[in-house]
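Chain by chain, the residues:
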Amino acid sequence: MPSATKEEVISYDINVPYKITDDTRNKVKYPEYIPTWDKVWFEPLQPFEFQDPALRVKDTSLPELHKVGISIKHITPKLGSYVSGIQLNQLSDAAKDELAWLVAQRKVLAFHDQDLIDDGPAVQQDFMNYFGKPNYQPVSGSIKGHPGFHIIQRDGNKDELARFLDQKSTTTLWHQDVSYEIQPPGYVMLGFLQGPDNGGDTVFASTDTAYKRLSPIMQDLVDNLQAVHTSSKMINHTRLAGGLVRKDPVDTVHPVVRVHPVTGEKCLFVNAEFISKIIGLKETEQKMLLEFLMQHIITGHDFQARVSWAPRSIVIFDNRSTCHTAVVDYVDDGESSKVRHLFRLAAMAEKPIPVSKDAESRQD
């Protein structure tokens, strides 16, 4: 069987580019966020102490957020909310703590018409540094001088999309962000710079509800399992496609079920992107179990929320209790090329807490 050539290699993620065309440069509204691939090298993330700002909140009526005029409209009863009446760039530290608590409870918060979008990369990064340590992506484009930015950009190239769908049945890629790191992100921001008038939504699934829907026998099984999360597949694919790699592959063992430090809920911590092995299971067993868990999450529309984007929108979500995917549904044979342009800032948090450790701490 002939080996793949670079021309035959499709995008690892159809929403993340390896290069930018001149056509795209002429279409973007925020050119300072066009991705760059600076040849810098990142060392492995070292263990660090993390204090969740949500745990500083004593009054869960959220008085600081109400002082500045917050209004909340839920997307679904238990998952996701549209938030209005506040500007994120004007919040006090106490209000940011309450915001973190609200993110932990609702899992996904969407804010429209945010001035923070126009404040520039330095202010945006500083805002997210309050919620955890910056993440530096090993392969994706960032902003020159601001390596914590992960740029998500599609230029609507129909030929590229057609090649992708020749090999894939869907553009969706359900995942938690950067789950292979020793201390993966807790709070994640998505900033919407430009996109289609309709479509291009992001869908989130609640992984604590997904866990609750399992039978007690299945819960007992997954409570005690560990999985190897790796960035090696993503890095190898990038090299094959001719992209820039800025970090060695990372392999980390995490529990299949993690306990949320704020809510105490058990959350499935699995995805279709980064898991290479479930420890103790044979290959056929782990394939069957992982496919079951992912299909359970993907098809669980009664514990999902779909977030629609609008100009100058920001979404902050809890990476510990959700899975998510972008949706490329805004390109068809009769449409011209459309740009979808976002940035992501991820705040690294605690090492995932296994069920066994949580049970021990409760006994103490």
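Here the structure is a predicted model, which is why all the values come from computation and not from measurement.

Thresholds, definitions, all that
- Residues numbered from 1 in each chain as written.
- Predicted model: local features only at pLDDT ≥ 70, side-chain atom pairs only at ≥ 80, totals over all residues.
- Heavy atoms only, no water.
- Helix = DSSP H or I, 4+ residues; strand = E, 2+ residues; numbered from the N terminus.
- Buried < 20%, exposed > 50% of the residue type's maximum accessible area, 1.4 Å probe, protein only.
- Contact = heavy atoms within 4.5 Å.
- Areas by Shrake-Rupley, 256 points an atom, 1.4 Å probe, with all protein chains shown as cover.
- Salt bridge = Lys/Arg side-chain N within 4 Å of Asp/Glu carboxyl O.
- Pairing = 2+ DSSP bridges.
- Axes fitted to C-alpha atoms, helices over the stretch in contact; angles between N-to-C directions.
- Core = buried A, V, L, I, M, F, W, Y, C linked by side-chain atoms within 4.5 Å.
- Expected span 1.5 Å × (residues − 1).
- pLDDT = per-residue confidence, 0-100.
- Polar contact = N/O pair within 3.5 Å; in protein donor to acceptor, adjacent residues only side chain to side chain.

So, the overall build of the protein
In step 1: When helices and strands are counted, the protein shows 10 helices and 17 strands.
In step 2: Counting all 364 residues of the protein, 55% fall into the buried class.
In step 3: Residue pairs in contact within the protein that sit at least 24 positions apart in sequence constitute 83% of those at least 6 positions apart.
In step 4: As displayed, the protein offers around 16600 Å² of accessible surface, 50% of which is attributable to carbon and sulfur atoms.

Remarks on the pattern of salt bridges
In step 1: For the structure shown, the criterion picks out 18 salt bridges.
In step 2: Of the charged contacts in the structure, one is a salt bridge between D302 and R213, with a shortest N-O distance of 2.8 Å. In this pair, D302 sits in the loop between α9 (283-298) and β13 (304-307) while R213 sits in the loop between α6 (207-212) and α7 (216-223), placing the two residues 89 residues apart along the sequence.
In step 3: Residue D302 is classed as exposed on the basis of its relative accessible area, which comes to 57%.
In step 4: Residues D318 and R320 are paired through a salt bridge, measuring 3.0 Å at the closest nitrogen-oxygen approach.
In step 5: Overall, the relative accessible area of 0% leaves D318 in the buried class.
In step 6: Within this structure, D52, R258, D318, R320 and E350 form a network of salt bridges that share partners.

Some points on the environment of A210
In step 1: Tracing the chain through its elements places A210 in helix α6.
In step 2: A sequence separation of 86 residues divides A210 from H296, and the C-alpha atoms of the two residues are 7.2 Å apart.
In step 3: When sequence neighbours within four positions are dropped, the list of residues in contact with A210 reads L268, H296, I297 and F303.

Description of the sheet that holds strand β12 (residues 275-278)
Paired through their backbone hydrogen bonds, the strands of a sheet run either parallel or antiparallel.
In step 1: Taken together, 3 strands build an open sheet; the order of strands is β9-β8-β12 and the sheet is antiparallel. Edge strands, defined here as strands with exactly one partner in the open sheet, are β9 (251-255) and β12. Strand-to-strand twist across the sheet, computed as the mean angle between neighbouring axes with direction ignored, equals 30°.
In step 2: The pairing of strand β8 (residues 226-230) with β12 spans 3 bridges and is antiparallel.

Things to note about the sheet that holds strand β17 (residues 353-354)
In step 1: What the 3 strands build is an open sheet, ordered β11-β10-β17; its pairing is antiparallel. The strands lining the two open edges of the sheet, one partner per strand, are β11 (266-268) and β17.
In step 2: Two elements, strand β10 (residues 257-259) and β17, share 2 bridges in a ladder whose sense is antiparallel. Of the residues in β17, the one forming a bridge with R258 is P354.

Here we look at the nonpolar core
In step 1: Of all hydrophobic cores here, the largest spans 37 residues; its most connected members are L88, L99, F111, F127, M189, I316 and F343.
In step 2: Counting residues per element, the ones that place at least two in this core are α3 (93-106), β3 (108-111), α4 (121-129), β6 (185-194), β14 (314-318) and β16 (340-348).
In step 3: At 7 residues, the largest contribution of residues to this core is made by α3.
In step 4: Not counting chain neighbours up to four residues away, the residues in contact with F111 comprise V83, I86, L88, L99, R312, S313, I314 and I316.
In step 5: Of all hydrophobic cores here, the second largest spans 26 residues; its members include A205, A210, F303 and V355.

Regarding α3
In step 1: Taking 1.5 Å of rise per residue, 14 residues should cover 20 Å, and α3 covers 20 Å from first to last C-alpha, within 8% of that figure.
In step 2: Here α3 lies mainly inside the structure; 11 of its 14 residues are buried.
In step 3: When we look at burial in α3, the residues that qualify are A95, K96, D97, E98, L99, A100, W101, L102, V103, A104 and R106.
In step 4: One or two steps after α3, the chain reaches K107, where phi turns positive at roughly 75°.

Concerning the pairing of β6
In step 1: With 10 of 10 residues buried, β6 lies mostly within the body of the structure.
In step 2: Alignment of β6 against β16, held across 8 bridges, turns out to be antiparallel. If you follow L190 over to β16, its bridge partner there is R344.

A short note on the environment of I182
In step 1: Mapping I182 onto the fold places it in the loop between α5 (158-167) and β6.
In step 2: Given the relative accessible area of 22%, I182 is considered partly exposed.
In step 3: For the pair I182 and A349, spaced 167 residues apart in sequence, the C-alpha to C-alpha distance is 9.5 Å.
In step 4: If we skip the residues at most four places from it in the chain, I182 touches L45, Q46, P47, T252, H254, K351 and P352.

Let's talk about the confidence of the model for the protein
In step 1: When pLDDT is averaged across the protein, the result is 90; 86% of the residues are at 70 or more.
In step 2: Note that residues 1-7 has pLDDT below 50 and, in this model, 3 contacts with residues that lie over four places away or in other chains.

A closer look at the side chain of T252
In step 1: Residue placement: T252 occurs in strand β9.
In step 2: At a separation of 2.5 Å, a polar atom in the side chain of T252 contacts the main-chain carbonyl oxygen of Y180.
In step 3: Ignoring any residue separated from it by four or fewer positions in sequence, one finds T252 in contact with Y180, E181, I182, A227, V228 and H229.

Topic: the side chain of D97
In step 1: Structurally, D97 can be placed in helix α3.
In step 2: If sequence neighbours within four positions are ignored, D97 has contacts with P53, A54, R56, V57 and Y130.

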